[in-house]
Amino acid sequence: MKGLAGKTALITGASSGIGQAIAIRLAQEGCNIAINYRSKPEEAKRTEEIALQKASELGIESRESSLLVQGDVSKEDDIIRVINTTIEKFGSIDILINNAGIQTEFASHEVPTDKFDQVIAVNLRGAFLCARETIKHWLDQQSSGVIINVSSVHEVIPRPMYVSYAISKGGMANLTKTLALEYADRNIRVNAIAPGATITPINESWTDDLEQKAIVESHIPMRRAGTSDEMAASAAFLASDEAAYITGQTLFIDGGLTLYADFREAWSA
Ligand code: NAD
């Protein structure tokens, strides 16, 4: 896609799932990739191996084009270190992908405060702090860049039993719009992708169980879950110059999940 070759992308939580797929796709587009991981270097290494392999199959020179960078996005010091390490290695960051995310399941009246705080700290505060530090870097360098927040259909659909997750993604909508508006005149673009049900480790409770998977897919208008590669394609588009005039938007990639499937038939008429 236009404008991605030679750019540097930092992807948080890139050792699995959607983050891994985005790192691989951006490497295939010719980006340098900084693969952030929290605790499993062997998984991050696997992301790197696949990314470099797939990039080289497309004839993309990949020497010195990737970096593994440990850091917990719920910790401010870690974020600053991750960003500085990426800039030291590549000279700049052009694309920030705020992907790291967690969820916990509790009835809302029973959520332990520390569990609530942890989800917000990773999904929302972590995304904000990564964005803040990256924007500072762009302003210092008098350069510009792109932020993609990995949100969710639960940016707009309520999610009983997952209140902290729903709040974090709802907050991400306004994080995306506020930053987009504040920095639009500096050519800093901020958008989000909002995946629907996607086959990744965060969903292993149903992806690994055919019966459960069929139940989940029966609720999706397109009757199937999405893939990480489909999410990565949209992230690459929004990061590219093909999307040069798009900012402040959330792109829902959900097989129609946000179309109010219950209204497929005219039950209310
Ligand atoms: P995943 O569990 O494979 O990926 C989450 C990644 O975040 C993991 O690599 C994990 O190690 C990392 N992470 C967690 N806490 C971290 C921390 N404190 N610091 C750094 N990294 C951390 O699941 P996924 O589905 O690929 O999720 C990626 C993003 O997509 C999340 O933000 C999630 O909310 C969002 N999402 C997923 C779905 C889905 O159906 N899979 C749907 C909507 C949104």
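Structure shown above.
Residues numbered from 1 in each chain as written. Predicted model: local features only at pLDDT ≥ 70, side-chain atom pairs only at ≥ 80, totals over all residues. Heavy atoms only, no water.

(A) Spatial organisation of the sheet that holds strand β7 (residues 250-253). With respect to topology, seven strands assemble into an open sheet ordered β3-β2-β1-β4-β5-β6-β7, the strand pairing being parallel. Edge positions in the open sheet fall to β3 (66-70) and β7, since each of these has one partner strand only. Pairwise comparison of adjacent strand axes, ignoring direction, gives a mean angle of 15 degrees for this sheet. Pairing analysis gives four bridges linking strand β6 (residues 189-195) to β7, with the strands arranged parallel. When the sheet's bridge partners are listed, Ala-192 is paired in β7 with Thr-250. Packing of helix α1 (residues 17-28) onto the sheet brings it into contact with β1 (8-11), β2 (32-37), β4 (95-98), β5 (146-150) and β6, and relative to β1 it is tilted by some 170 degrees. (Pairing = 2+ DSSP bridges. Helix = DSSP H or I, 4+ residues; strand = E, 2+ residues; numbered from the N terminus. Axes fitted to C-alpha atoms, helices over the stretch in contact; angles between N-to-C directions. Contact = heavy atoms within 4.5 Å.)

(B) Inspection of unusual backbone geometry at higher detail. One non-glycine residue, Gln-142, lies in the positive phi region at around 50 degrees. Within the secondary structure layout, Gln-142 lies in the loop between α4 (113-141) and β5. Note on Gln-142: relative accessible area 76%, which makes it exposed. Not every positive phi belongs to a glycine, and Arg-223 is a case in point at roughly 60 degrees. (Buried < 20%, exposed > 50% of the residue type's maximum accessible area, 1.4 Å probe, protein only.)

(C) Region of interest: the pairing of β1. Neither face of β1 is exposed, since Thr-8 and Leu-10 on one face and Ala-9 and Ile-11 on the opposite face are all buried. For β1 and β2, the ladder comprises four bridges, and the chain directions are parallel. Across the sheet, residue Leu-10 finds its bridge partner in β2, namely Ala-34. Remark: the β1/α1/β2 crossover connection has right-handed handedness. Judged from the three bridges that link them, β1 and β4 form a sheet pairing that is parallel. Considered in β4, the bridge of Leu-10 is made with Leu-96. (Right-handed = clockwise from strand over helix to strand, strands pointing away.)

(D) Just the side chain of Ser-240, in detail. Considering the arrangement of structural elements, one finds Ser-240 in the loop between α8 (228-239) and β7. Reaching out from Ser-240, the side chain makes a polar contact with the backbone oxygen of Phe-237 at a distance of 2.8 Å. Setting aside its immediate chain neighbours within four residues, Ser-240 contacts Met-1, Lys-2, Leu-4 and Arg-189. (Polar contact = N/O pair within 3.5 Å; in protein donor to acceptor, adjacent residues only side chain to side chain.)

(E) View of the nonpolar core. Of all hydrophobic cores here, the largest spans 32 residues; its most connected members are Ile-11, Ile-22, Leu-26, Ile-33, Ile-97 and Ile-193. If one sorts the elements of this core by residue count, α1 sits on top with seven residues. With near-sequence residues (within four places) excluded, Ile-33 lies in contact with Ala-9, Ile-11, Ala-23, Leu-26, Ala-27, Ala-51, Ser-65, Ser-66, Leu-67 and Phe-90. Grouped together as the second largest cluster of nonpolar side chains are 30 residues, Leu-10, Val-82, Ile-93 and Leu-124 included. (Core = buried A, V, L, I, M, F, W, Y, C linked by side-chain atoms within 4.5 Å.)

(F) The arrangement of the pairing of β2 in detail. Of all six residues in β2, six are buried; the element is thus mostly enclosed. Note that β2 and β3 share five bridges and pair parallel. Note on β3: the bridge partner recorded for Asn-36 is Val-69. Handedness of the β-α-β unit built from β2, helix α2 (residues 41-57) and β3 comes out right-handed.

(G) Local environment of the site of the ligand. Ser-16, Asp-72, Tyr-165, Thr-200 and Asn-203 are the nearest of the 28 residues found near the ligand. Between Arg-38 and the ligand, the recorded distance is 3.4 Å, taken from a side-chain N or O atom to a nitrogen atom. Side-chain polar atom of Asn-203 to an oxygen atom of the ligand: 2.7 Å apart, as the coordinates give it. Contact with the protein chains covers 93% of the free accessible surface of the ligand, which is 820 Å². For the shell around the ligand, the elements supplying multiple residues, two or more each, are α1 and α5 (163-183). (Near = heavy atom within 4 Å. Areas by Shrake-Rupley, 256 points an atom, 1.4 Å probe, with all protein chains shown as cover.)

(H) Quick peek at the packing of helix α3 (residues 76-90) against α4. Their axes nearest at 10 Å, the elements α3 and α4 cross at an angle of 40 degrees. The orientation of α3 with respect to α4, classified from their angle, is oblique. For the pair α3 and α4, the crossing hand works out as right-handed. Residues Glu-76, Ile-79, Ile-80, Ile-83 and Ile-87 of α3 pack against Gly-126, Leu-129, Cys-130, Arg-132, Glu-133, Thr-134 and His-137 of α4. For the contact of α3 with α4, the class distribution of residues is six nonpolar, three polar and three charged. (Parallel < 35°, antiparallel > 145°, perpendicular 65-115°, else oblique. Left-handed = near helix turned anticlockwise from the far one by under 90°. Nonpolar A, V, L, I, M, F, W, Y, C, P; charged D, E, K, R; others polar.)

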